[in-house]
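# Structural overview for review
If you want the building blocks of each chain, they are given just below.
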Amino acid sequence: MTAAVRARRPVRALLVVIALAILGVFPLVFSNPTTTTIAFYALIFMVSASAWNMFSGSSGYIALGHAVYFGCGAYALSLLANHLGVAAGWPVFALVPVAGIVAGLVAIPTGLIALRARRHTFVVITIAWMFIFQLAASNLGFTGGTSGLQPPTPLWGIDTYNRNFYYVAAVVLVLTVVLTWVVRRSRFGLQLLTIRDDEERARGLGVRVVRVKLIAFVLSAIPVGMAGAMYAYFLGQIFPQFAFDPLFDLSIALMAFIGGLGTLAGPLLGALVLESLQQYFTVQYGASQAYLIIYGVLFLVVVLLLPRGVIPSVEELIGRWRTRSAGSDAGPEEPGRTGDVVKAAGVR
Amino acid sequence: MNSTALAKAVVDGILTGGVYALMAAGLTLIFGVMDIINIAQGALIVLGAYMSYVLSVHLGIDLFLGLFITIPAFFVLGVGIEWAFMRRLRDQDRAAMSILVTYAVAIIIEGLLSVIFGVNFVQLHASYTDSTFHILGFYLPYIYVFGFLLALVLLGAMYYLLYHTHFGRGVRGSLQNRTAAELIGVNVNRVRALSVGLGVAVTAAGGMVFGATNAFNPSSGYDLISRLLSIVILAGLGSIGGALIAALFMVTLEDVVAVLWSPVWATLVYYASLIVVLSFRPNGLFGKAAVRAQ
Amino acid sequence: MRRSGWMWSCATVVAIAGLLAGCGGSSNSSSSASGASSNTASTSSASGSGAATGSPVVIGSSLSLSGDFSADGQAFERGYQLWASDINKAGGLLGHPVKLDIVSDASSPAQVVTNYQKLISSDHAKLVFGPFSTLLTVPASKVVNRYGYAFVEGAGGAPAAFGNGLHNIFDVSLPVIDNLVPFAKWVASLPASERPKTAAYATSDDPFTQPQIPLAQQIMQAAGIKTVYNKVFPAEVTDYAPIASAVASSEAEAVVLGSVDVPTVSAFVHAFIQQHYNPKVFIATAGPDQGGDFVKAVGGAANAEGIMYPNGWYPGYANAASQKLVSEYVAKYGGSPSDVNADVAEGYSVGQAVAQAVAATHSLDNAKIISYLHSGQTLNSVQGPVKFDAKGENGAAAAFVFQWQKGQQVQVLPTGASGSKPPVYPKPNWGS
């Protein structure tokens, strides 16, 4: 490890501490209900984008069907809460992890089938799954059909309501980020990266490609299921076309891209910025038809100017600055080099 | 269930399948040649429908004659999109980035159309849009038959272009291996630009037929794109003939299930059949075996 | 890319900071900005004459001004604004001029929740009006309930909206489930030799249309009308032709179509024309109510002839306030009276109900308004009488059925109701 990289560690740790502090006190400082609502949505998307990135960012397989897991989590929470007669309020939150597990279980068969395909086909299969689930939810009796389901509504006051949901979402976010960090740092994570770079070579080196991909896929579905559950509980209503929403799929992919695909902080940043801006935009300017044009143009501009996303661009910049000032080789770490591939396969 | 209804469902499926093949043709070309997942295809179809609308309503030009204007215009648009956006995508992340970029393009198109035309639904009309051929006890609407024939003509032309011309060889060469193609003197950038132009040009025709058979507004593109992607993948990337067959198959299957069972489950069967077929033939019905990424 | 990358990152951080400050910040900045957003239509909201003085009362609403429901959302906005300008001319609410604060939710439930929070807590709206569609009404009503506000709306009438244990929700329009009853009863009452012998029921997969069909089917089957087709189709179909063909193949003499918009009905009409299928009677739950847009879509008044649709209102409704609304609309937005969308009247009625509650309780206090509206009083509106039951549904709402006759929308059912003209039956063949 180069000196420059070692020097970055305390800076990173400091940034993490600051971020956690902000996360913790945010709703207390900015207590306006509009802000806390938007913050809650931002957290939901941060969880989802981060989890999505854990799979798609690292493996290179772009999944556009994670709404399946979002929706399954939402429906799982609503069905369980209603059938088990769980009291509205804090008890229902206990169902959030359960919803995550349900989503993970659903990810096993859907993932197995999708992952047999090559990259382009994989994308379309994930989309197809999304529509299948949406149609099933709209037409099966126990899912409430097109009228959807309503989980119990907690009887909290305005501020308490938003704050409680915010903190639960914040906890889920921290857990998700820890998960993505652990995966990234582990040998498993390296194996994923080698699959992205060259699947055939990875297989040749002994990486158990199918198993690795599937595990990553299922792991990425669990937080998304939890996000869906919290979302349904917050709104107090779940309809099939909003639970299984193709726009959700595109949004989380966008957020991860803009932040920086494959990075840890990228999806967080992307989700935070995109969701907040979108909500804000719609409230202030949604009434004008030009809103869509502005939104699209902004997108395009950001994507074309920062094709690798914000975080990698910033890192690159810092790296270049260090090169100029220190005069030593301090380029950004390149994942997927041969040494890593060999390590990932467990070969010494 | 009486057999007339079943027969009608098959006939409807074939005719509508032709319309879908027309809409998907451009997509398969762009997807196959450029490695680009064009999410904007739905929006482009709607744009084509609106262009035909303007020509028909404000200038009184017949829907099919108007294609002589819209198709070239779309060709230029396609080349422009390739030059402005797609060329900037690096080859490595091309597929992934293309989703973002084309999604943004789709939103911009929808926004522009909303501003210009408003959100109310319109439909393309002509004196013949409700008339039908009466054959063997079936009523076959002119517009669907013409659309089907147009699909055959344009798909045939594309096929000829790709397999029997110098240009087409260049296109197929760049699909296989960009570096090798460049080495033998193919101007890959030009080939790509022209391919996208071609793909988008055909979409203008798809837009017109779509607009004549459905009421539409600027948001109508979303429902289309997922079906078109399914058809293209089922066919196998870059396969023109495959796109026609896949479209006919999928739409007919859906229509038959709608009659035999129920329309809501028919759509589910549509997507499920896609998954089933892809499980056995991961490259699509007519796709080539794995092409090495460039 | 280096410098621009750095700039973008800085800009992002600054943007987030500014955004948070702006969102949660003082009410001044956000309400003046939202004043700009409700500017889209015109400046009529607070341009009252000298009769309305005193501090303005802000009434907030979230509407679908883009996205799936935008056509209806815009019609609702016009209804709200016409009401606001009328009430201001008449002295405002208890002397205070009304200022409308309308924000867009892009037909998204998550957004609608944010919007009502903003309207009430940031923009300090004293009262709120509802959004468009049951899909948005449910989450909105829950968040508004947390603030203790009354939630009067005109477009969330499906059963899913009620019975959630909320007491603050009031729908001024006809409960959706009863929409087709006058039609079914009339068909059942026709003499046996004229009555259709068979019926086809096709409905979109939608919480608005699906509940309407079973009741109508029950009444018609009891009168001996055999069901030969009864299917649900997905809401997001791109091609209705096979479904319409199947209906045509059934050769049913009556067609009951559960549609939510113009494209659906139009697709069926065109398919029926192409298949040379002429049912004796054809009713569609939504679409034909959209006036000129509907006629254009189906290809002219001749094709629209005889098509029926249920509604709580139409431009020709013989009610003085309603007629005044129609002429004001035409004066302001142009077009002809038959182009006035029923959504406009629904929006206007919401305003009227609230105004009457405010006048009766002499206060702008939401708790008082809620208990007044639940007290069983009958109120007036351009859609007819309004009387809320315990669930918040309007039990006194009139259910009319209209029919297109010679390019005009004519009230035909119930046959005995005042203003009803005889229905055209059987429906003339296409192209005649």
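Residues numbered from 1 in each chain as written. Chains lettered and ligands numbered in written order. Predicted model: local features only at pLDDT ≥ 70, side-chain atom pairs only at ≥ 80, totals over all residues. Heavy atoms only, no water.

## Brief notes about the overall build of chain A
Test applied: By the criteria applied, helices consist of DSSP H or I runs no shorter than four residues and strands consist of E runs no shorter than two, each listed in order from the N terminus. We call two residues in contact whenever any of their non-hydrogen atoms come within 4.5 Å of each other. What sets the accessible areas is the Shrake-Rupley method with a 1.4 Å probe; for residues, cover comes only from the shown protein chains.
Per the secondary structure count, chain A includes 16 helices and zero strands. Contacts spanning at least 24 positions in sequence make up 80% of the contacts within chain A whose residues lie at least 6 apart. Carbon and sulfur atoms provide 68% of the accessible area of chain A, an area that totals close to 13,600 Å².

## A look at the overall build of chain C
Scanning chain C from terminus to terminus reveals 14 helices and 12 strands. Taking contacts inside chain C between residues at least 6 apart in sequence as the whole, the part at least 24 apart equals 71%. Surface summary for chain C: the accessible area is close to 14,100 Å², and the carbon and sulfur share equals 56%.

## Quick notes on the interface of chain A and chain C
Threshold: Buried area is a sum: the accessible area each of two parts loses on coming together, probed at 1.4 Å, counted once for each and added. Just to be clear on terms, a salt bridge is a Lys or Arg side-chain nitrogen sitting within 4 Å of an Asp or Glu carboxyl oxygen. Throughout this description, a polar contact denotes any pair of N or O atoms lying within 3.5 Å of each other; where both atoms belong to protein, one of them has to be capable of donating a hydrogen while the other can accept it, and for residues adjacent in sequence the pair is counted only when both atoms sit in side chains.
Counting residues at the interface gives 56 residues for chain A and 48 residues for chain C. Between chain A and chain C the total buried area reaches about 4,500 Å² when both faces are included, carbon and sulfur atoms providing 65% of it. Linking chain A with chain C are zero salt bridges. Linking chain A with chain C are 14 residue pairs in polar contact (both at pLDDT 80 or more). Among the secondary structure elements, those contributing two or more residues to the side of chain A that touches chain C are helix H2 (33-59), helix H6 (119-139), helix H7 (158-185), helix H10 (209-235), helix H11 (240-243), helix H13 (265-285), helix H14 (290-305) and helix H15 (310-326) of chain A.

## Digging into the nonpolar core
Selection rule: The criterion is simple. A nonpolar core is a set of buried Ala, Val, Leu, Ile, Met, Phe, Trp, Tyr and Cys residues joined through side-chain atoms within 4.5 Å. The classification of residues rests on relative accessible area computed with a 1.4 Å probe and restricted to protein chains. Under 20% of the type maximum is buried, over 50% is exposed, and intermediate values are partly exposed.
Grouped together as the largest cluster of nonpolar side chains are 323 residues, with contacts concentrated most on Trp83(C), Leu93(C) and Phe272(C). Considering every element that reaches this core, the biggest residue donor is H10(A), with 17 residues. Those residues in contact with Phe272(C), other than ones at most four positions away along the chain, are Ala244(C), Val247(C), Ala248(C), Val255(C), Tyr277(C), Phe282(C) and Trp430(C). Judged by nonpolar contacts, the second largest core, of 21 residues, contains Val187(C), Leu190(C), Ile213(C) and Ile225(C).

## Concerning the interface of chain B and chain A
Taken together, the contacts link 44 residues of chain B with 38 residues of chain A. If you look at where chain B meets chain A, you find zero salt bridges. On the surface where chain B and chain A come into contact, there are one residue pair in polar contact (both at pLDDT 80 or more). Counting residues per element, the ones that place at least two in the side of chain B that touches chain A are helix H4 (94-117), helix H9 (221-235) and helix H11 (263-280) of chain B. With 16 residues, H4(B) is the largest single contributor of residues to the side of chain B that touches chain A.

## Structural notes on the packing of H9(B) against helix H10 (residues 240-260) of chain B
All names here are of chain B. The condition that has to hold: Every axis in this analysis is a line fitted to C-alpha atoms, fitted for helices over the stretch in contact. Angles between the N-to-C directions lie between 0 and 180 degrees. When an angle is under 35 degrees it counts as roughly parallel; over 145 it counts as roughly antiparallel; between 65 and 115 it counts as roughly perpendicular; any other value is oblique. Left-handed describes a crossing whose near helix is turned anticlockwise from the far helix through less than a right angle; right-handed describes the clockwise counterpart. The nonpolar class holds Ala, Val, Leu, Ile, Met, Phe, Trp, Tyr, Cys and Pro. Asp, Glu, Lys and Arg form the charged class, and all remaining residues, Gly among them, are polar.
Packing of H9 against H10 brings their axes to within 8 Å, and their N-to-C directions diverge by 125°. In terms of axis orientation, H9 runs oblique to H10. In this structure, H9 crosses over H10, and the sense of that crossing is right-handed. Residues Arg227, Ser230, Ile231, Leu234 and Ala235 of H9 pack against Gly242, Ala243, Ala246, Ala247, Phe249, Met250 and Glu254 of H10. Within the contact of H9 with H10, the residues separate by chemical class into eight nonpolar, two polar and two charged.

## Thoughts on the environment of Val228(C)
Residues and elements named next belong to chain C. Structurally, valine 228 is set in strand S7 (residues 226-233). We classify valine 228 as partly exposed; its relative accessible area is 30%. For valine 228 and serine 249, which are 21 residues apart along the polypeptide, the C-alpha to C-alpha distance reads 9.9 Å. For valine 228, the contacting residues outside a window of four places in its chain are Thr198, Ala199, Ser250 and Ala252.

## Section: helix H5 (residues 142-164) of chain B
One full turn of an α-helix is made of 3.6 residues, so residues set three or four places apart face in the same direction. The following threshold applies: Residue count minus one, scaled by 1.5 Å, sets the expected span of a helix.
Helix length check: H5(B) (23 residues) gives 32 Å between terminal C-alpha atoms against 33 Å at 1.5 Å per residue, within 8%. All of the buried residues in H5(B) are Ile143(B), Tyr144(B), Val145(B), Gly147(B), Phe148(B), Leu150(B), Ala151(B), Leu154(B), Leu155(B), Met158(B) and Leu162(B).

## Focus on the packing of aromatic side chains
To keep things clear, this is the line we draw: For Phe, Tyr and Trp, rings pair up if their centres lie within 6.5 Å, where Trp contributes its six-membered ring, and each pair is then called stacked (planes under 30 degrees apart), edge-to-face (over 60) or tilted (otherwise). A ring is considered to have a charge above it if a Lys NZ or an Arg CZ atom is located within 6 Å of its centre and within 35 degrees of its normal.
Scanning all chains against the criterion turns up 65 aromatic pairs over all chains. An angle of 40° between the planes, with centres 6.1 Å apart, marks the rings of Phe133(A) and Phe244(A) as tilted. In this pair, Phe133(A) sits in helix H6 while Phe244(A) sits in the loop between H11 and helix H12 (246-259), placing the two residues 111 residues apart along the sequence. A centroid spacing of 6.2 Å and a plane angle of 40° characterise the contact between Phe64(B) and Tyr128(B), whose relative ring orientation is tilted. Of this pair, Phe64(B) sits in helix H3 (residues 63-84) while Tyr128(B) is found in the loop between H4 and strand S1 (132-135), placing the two residues 64 residues apart along the sequence. The residues Phe64(B) and Tyr128(B) share a single accessibility class, namely buried. Positioned over the ring face of Tyr270(B) is Arg227(B), at 4.9 Å from the centre of the ring. Over the ring of Trp430(C) we find Lys427(C); its NZ or CZ atom is 3.4 Å from the centre of that ring.

## Let's talk about the pairing of strand S9 (residues 281-284) of chain C
All names here are of chain C. Heads up, the condition is: Paired strands are those between which DSSP finds at least two bridges. Throughout, right-handed denotes a crossover for which the path from the first strand over the helix to the second runs clockwise when the strands point away from the viewer.
The alternating pattern of S9 places Val281 and Ile283 on one face and Phe282 and Ala284 on the opposite face, and all of these are buried. As judged from the four bridges shared by strand S8 (residues 254-258) and S9, these two strands associate in the parallel manner. Its bridge partner lying in S9, leucine 257 is registered against alanine 284. Handedness of the crossover joining S8 and S9 through helix H9 (residues 262-274): right-handed.

## Some details on the environment of Gln409(C)
Residues and elements named next belong to chain C. With respect to the helices, strands and loops of the structure, glutamine 409 is situated in strand S12 (residues 408-413). The sequence separation of glutamine 409 and serine 338 amounts to 71 residues, and the corresponding C-alpha distance is 7.0 Å. Of note is the side chain of glutamine 409, whose polar atom sits 2.7 Å from the side chain of tyrosine 309.

## What about the packing of helix H4 (residues 109-122) of chain C against helix H5 (residues 134-146) of chain C?
Residue and element names in this part refer to chain C. At a closest axis distance of 9 Å, the pairing of H4 and H5 adopts a crossing angle of 30°. Between H4 and H5, the angle falls in the class roughly parallel. Here H4 runs over H5; the crossing is right-handed. Along the contact surface, H4 presents Pro109, Val112, Val113, Tyr116 and Gln117, while H5 presents Leu136, Pro139, Ala140, Val143, Val144 and Arg146. Here the contact of H4 with H5 is built from residues that sort into nine nonpolar, one polar and one charged.

## Topic: the pattern of salt bridges
Residues and elements named next belong to chain C. Here the structure, examined in full by the defined rule, presents 11 salt bridges over all chains. Linking lysine 391 and glutamate 393 is a salt bridge whose minimum nitrogen-to-oxygen distance equals 3.8 Å. Judged by its relative accessible area of 42%, lysine 391 falls in the partly exposed class. Note on glutamate 393: relative accessible area 14%, which makes it buried.

## Observations concerning H12(A)
All names here are of chain A. The first and last C-alpha atoms of H12 sit 20 Å apart over 14 residues, in line with the 20 Å expected at 1.5 Å per residue. Regarding H12, the residues found buried are Phe248, Asp249, Leu250, Ser251, Ile252, Ala253, Leu254, Met255, Ala256, Phe257, Ile258 and Gly259. Phi turns positive, to about 135°, at glycine 260, one or two residues after H12.

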